[in-house]
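What follows is each chain in one-letter form.
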Amino acid sequence: MKKQERIFLCILALWLCADLLTALFAEIHADEAYYALYGAFLDWGYYDHPPMVALLTHCSSLLFGGNLGVRFCTTLLHAGTLWLVWKTLDEEARSGPRAALEFGIIAASLTMLVVYGFITTPDAPLLFFTALFFFLYKHYLTRPGWPLALALGATVAAMLYSKYMALLVVAFVLLSNLRLLRDIRVWCAAALALLLFTPHLLWQVQHDFPSFSYHLIARNSQFKWTFPLEYIPNQLLVFNPVALALALWLCWKQSKSTDLLERAGIFTIAGFLLFFWVMTLKGHAEPHWTVAASVPMLPLLFHTLRKEEWRKWTYRLFLPIAILLLIARIILCLNILPEKIGFSGKQARMEAIHQLAGHTPVVFVGSFQSPALYRFFTGEETTALSTLYGRRTQYDILQLDQDLQGKPCVIMGKISTGLDTVIHGTPVRYRRTDHFQGTNRIVVELNQCDFLDGDSVRVHYTLNNPYPVNFDLASTEFPVSIKVVYKTKEGYKKYECPITERPSLYPNGWLKGTASFPLLHNTPMVFTLYNGVCETVNSKPHILAP
């Protein structure tokens, strides 16, 4: 083994140890607890993301408990990511003096590349499989053949199972080398990727495309000038200001490069940054959405900074940033950062809630992160209720609240009625009940519309009870009311639907009713139920029109 290879493996071993220590001592982020919930219920898809992150947390939990039960496999994948990027470099560049050290310095200065070495999110496997994709693509360019083509197809499927934006990586690589479209092996690789991804697509069909609806529709918002203006500062933090500035300059300077691998990297970096900047016209773009560009950015920076006239800047600019990130990693392990940053204080808060609730299940209203954290830190039974004012989550697919219907529980969150208390410095409201009756799973179906005139409508609806126990419309503890709600730019417009009969609906029982209310043209409406605790969305959105 060459000297630089031995040095690189030593650096990689030290990096892996640092990731493991950080993963062990840095408090779990709320999103990671949510992904741990994914891993406890393995499936071909989830409300927010494809299933690769669930597989990571599931496999980690088979080996460890606590933090490493969520993060262990992520640290291994990250080591694999760095090894693949290293192997994608030219052999001559890897064998030069101090090549491994300088590669490590540059990699350690890329902010989010460092962070995803110990935090489990869908971006961690995306980085690994993107690195594998570029590694295989490099070899395919020099000796194209069926084994490499099929390996590329399987890798593309794995990228898609990690995060949907993997499509952008493939698209930009194809744009950089359009001759690939004339290669039958490439089309067969695409067919293999689609075949392997089919189980997830079927899951989406079975669940009415929740992920696509959320990412393509629900995340859209009214344009604000802050969206495009904050995008560049956010990207400076994702990569680090020096790396981003240098990478953009290199993309412009070497845009006509004839090296196909280098062109693929340039197209991917510039494409990601430009694509998500354009996306700010329809809503906020999360800073980390561009993190996959770190994979081609690292070789681009490395090859430039290895030149004699550039090498000094590795130590003058990139090394100080790497040291600052190392210090930040140590501070993260000490759990002394403000709680709002997301890496401290959550365990104490969840344990305080546990003291309040005991072993009684806790139902959190309007928050999907709180029950995930409560489950992770206490191991107790818990679930979430989505409301009219929030979004649907994986809890709406799991429907764990069905098991709590009619049983004792503690309801906690932004609820209409209850007791006020302070938990770990935060005011909260809670309510105890011996016979919980939620409304999240009640289904209201629109059967018929009678348009009375141009400004009003009468709808005939059916209210269905899918719960395994009776649903009491006449409950005094959880009184039920039905409303029609329009969501307009000015806010919510609500109209009561009086219930003349209030029977106790048996499991799978139903009740028919009618409601008359003003007609708002071209405005979606939904049926909502209110049980004295929160308003829930109980129908699909409808746009009523004569």
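In this report, the structure presented in the accompanying data block is examined. Everything quoted here is computed from the prediction, not taken from an experiment.

Another aspect to go through is the overall build of the protein chain. When helices and strands are counted, the protein chain shows 20 helices and 14 strands. On C-alpha atoms alone, the protein chain measures out to a radius of gyration of 27 Å, which is about the 24 Å that the 2.2 N^0.38 rule sets for 546 residues. The dimensions of the protein chain, computed from C-alpha atoms along their principal axes, are 85 × 55 × 45 Å. Expressed as a percentage of its 546 residues, the buried residues of the protein chain come to 53%. Of the contacts made within the protein chain by residues no fewer than 6 positions apart, 72% connect residues no fewer than 24 positions apart. Positive and negative charge centroids in the protein chain, built from 46 and 39 side chains respectively, lie 9 Å apart.

Here the focus is the sheet that holds strand β14 (residues 535-537). In spatial order, the strands read β10-β9-β13-β14; together these four strands make up an open sheet with antiparallel pairing. Edge strands, defined here as strands with exactly one partner in the open sheet, are β10 (491-497) and β14. Taken over all neighbouring pairs, the strand axes of this sheet differ in orientation by 35° on average, direction set aside. Sheet topology note: the strand β9 (residues 481-488)/strand β13 (residues 525-530) ladder contains six bridges and is antiparallel. Residue pairing in the sheet places Ser481 in a bridge with Tyr530 of β13.

Turning next to the nonpolar core. The biggest cluster of nonpolar side chains holds 98 residues, and the ones touching the most others in it are Phe272 and Leu301. The biggest single contributor to this core is helix α8 (residues 123-142), with eleven residues. The contact partners of Phe272, leaving out residues within four places of it in the chain, are Met165, Leu168, Val169, Phe172, Tyr231, Trp289, Thr290, Ala292 and Ala293. By size, the runner-up hydrophobic cluster in this structure holds 29 residues, among which are Ile28, Leu37, Ala384 and Val410.

Moving on: helix α9 (residues 146-162). End to end, α9 covers 24 Å across 17 residues, agreeing with the expected 24 Å (1.5 Å per residue, within 8%). Where α9 is buried, its residues touch α3 (52-63), α8, α10 (166-176) and α11 (184-206).

Attention now moves to the packing of α8 against helix α15 (residues 260-279). Two numbers describe how α8 lies on α15: the axes approach to 10 Å, and their chain directions differ by 145°. Handedness of the α8/α15 crossing: right-handed. Contact with α8, carried on its side by Phe134, Tyr137, Lys138 and Leu141, involves Leu260, Leu261, Ala264, Gly265 and Thr268 of α15 and no other residues of that element.

The next subject is the environment of Gly265. Its location among the elements puts Gly265 in helix α15. According to the relative accessible area criterion, Gly265 is buried, its value standing at 6%. For the pair Gly265 and Leu132, spaced 133 residues apart in sequence, the C-alpha to C-alpha distance is 13 Å. Dropping the residues within four chain positions of it, Gly265 is found in contact with Phe134 and Pro296.

As for its position among the elements, Thr268 is in helix α15. Other than its neighbours up to four places away in sequence, Thr268 contacts Phe134, Val169, Phe172, Val173 and Pro296.

Summed over the entire model, instances satisfying the criterion amount to 34 aromatic pairs. Taken together, a centroid distance of 6.4 Å and an interplanar angle of 5° make the contact between Phe133 and Tyr137 stacked. Of this pair, Phe133 and Tyr137 both sit in helix α8, four residues apart, which is roughly one turn of the helix. For the pair shown, Phe133 and Tyr137 are each scored as buried. Sitting above the plane of the Tyr214 ring, Arg391 keeps its charged end 4.3 Å from the centroid. The ring centre of Phe368 lies 4.7 Å from the NZ or CZ of Arg391, which sits over that ring.

This paragraph deals with the pattern of salt bridges. Per the stated rule, a full pass over the model turns up 18 salt bridges. For the salt bridge of Arg94 with Glu5, the shortest nitrogen-to-oxygen distance reads 3.2 Å. Separated by 89 residues along the polypeptide, Arg94 in helix α5 (residues 91-95) and Glu5 in helix α1 (residues 3-25) bring together distant segments of the chain. Across the pair, Glu5 and Arg94 agree in class, each one buried. Between Asp123 and Lys163 there is a salt bridge, with the nearest N and O atoms lying 2.7 Å from each other. Here Lys163 lies in the loop between α9 and α10 and Asp123 lies in helix α8, a separation of 40 residues in the sequence. Its relative accessible area of 5% is what places Lys163 among the buried residues.

One open sheet accounts for five strands, arranged β2-β1-β3-β5-β4; its pairing is mixed. The open sheet has two free edges, formed respectively by β2 (382-385) and β4 (419-423), since each of these has just one partner strand. Strand-to-strand twist of the sheet, defined as the mean angle between neighbouring strand axes without regard to direction, takes the value 30°. Sheet analysis places strand β3 (residues 409-413) next to strand β5 (residues 426-433), joined by four bridges and oriented antiparallel. By the bridge assignment, Ile411 is partnered in β5 with Arg431. Along the sheet, helix α18 (residues 346-357) contacts β1 (362-365), β3, β4 and β5; its crossing angle with β4, the most-contacted strand, is approximately 140°. Packed on one face of the sheet, helix α19 (residues 369-378) meets β1 and β2 and runs near 180° to β2.

Analysis parameters
Throughout, a residue's number is its position along its own chain's written sequence, starting from 1. Only residues with pLDDT of at least 70 get local features here, since the model is predicted, and only at 80 or more are side-chain atom pairs given and counted; chain-wide, interface and lining totals rely on the full set of residues. Side-chain metrics in this entry use all non-hydrogen atoms of the structure; hydrogen atoms and water are not considered. Numbering goes from the N terminus for both helices and strands, where a helix is a DSSP run of H or I of at least four residues and a strand is a run of E of at least two. Based on C-alpha atoms, the radius of gyration is set beside the globule rule, defined as 2.2 Å times the residue count to the power 0.38. Relative accessibility under 20% of the residue-type maximum defines a buried residue, over 50% an exposed one, and the middle range a partly exposed one, all with a 1.4 Å probe and only protein chains included. Contact between two residues is taken to exist if any of their heavy atoms lie within 4.5 Å; hydrogens are not considered. Residues counted as positive are Lys and Arg, residues counted as negative are Asp and Glu, and His and the chain ends are not counted. Charge positions are represented by NZ for Lys, CZ for Arg, CG for Asp and CD for Glu. A pair of strands is labelled paired if DSSP reports no fewer than 2 bridges between them. Every angle, taken between N-to-C directions, lies between 0 and 180 degrees, and every axis is a line fitted to C-alpha atoms, over only the stretch in contact when it is a helix. Residues belong to one nonpolar core when they are buried, are Ala, Val, Leu, Ile, Met, Phe, Trp, Tyr or Cys, and are joined through side-chain atoms within 4.5 Å. Take the number of residues in a helix, subtract one, and multiply by 1.5 Å to get its expected span. Crossing handedness is defined as follows: a turn of the near helix away from the far one that is anticlockwise and smaller than a right angle gives a left-handed crossing, while the clockwise case is right-handed. Classification of ring pairs rests on two measures: the distance between centres of Phe, Tyr or Trp rings, Trp counted by its six-membered ring, which must be within 6.5 Å, and the angle between planes, read as stacked under 30 degrees, edge-to-face over 60 and tilted in between. For a lysine, the NZ atom is tested; for an arginine, the CZ atom; a charge sits over a ring if that atom is within 6 Å of the ring centre and within 35 degrees of the ring normal. Criterion for a salt bridge: a side-chain nitrogen of Lys or Arg within 4 Å of a carboxyl oxygen of Asp or Glu.

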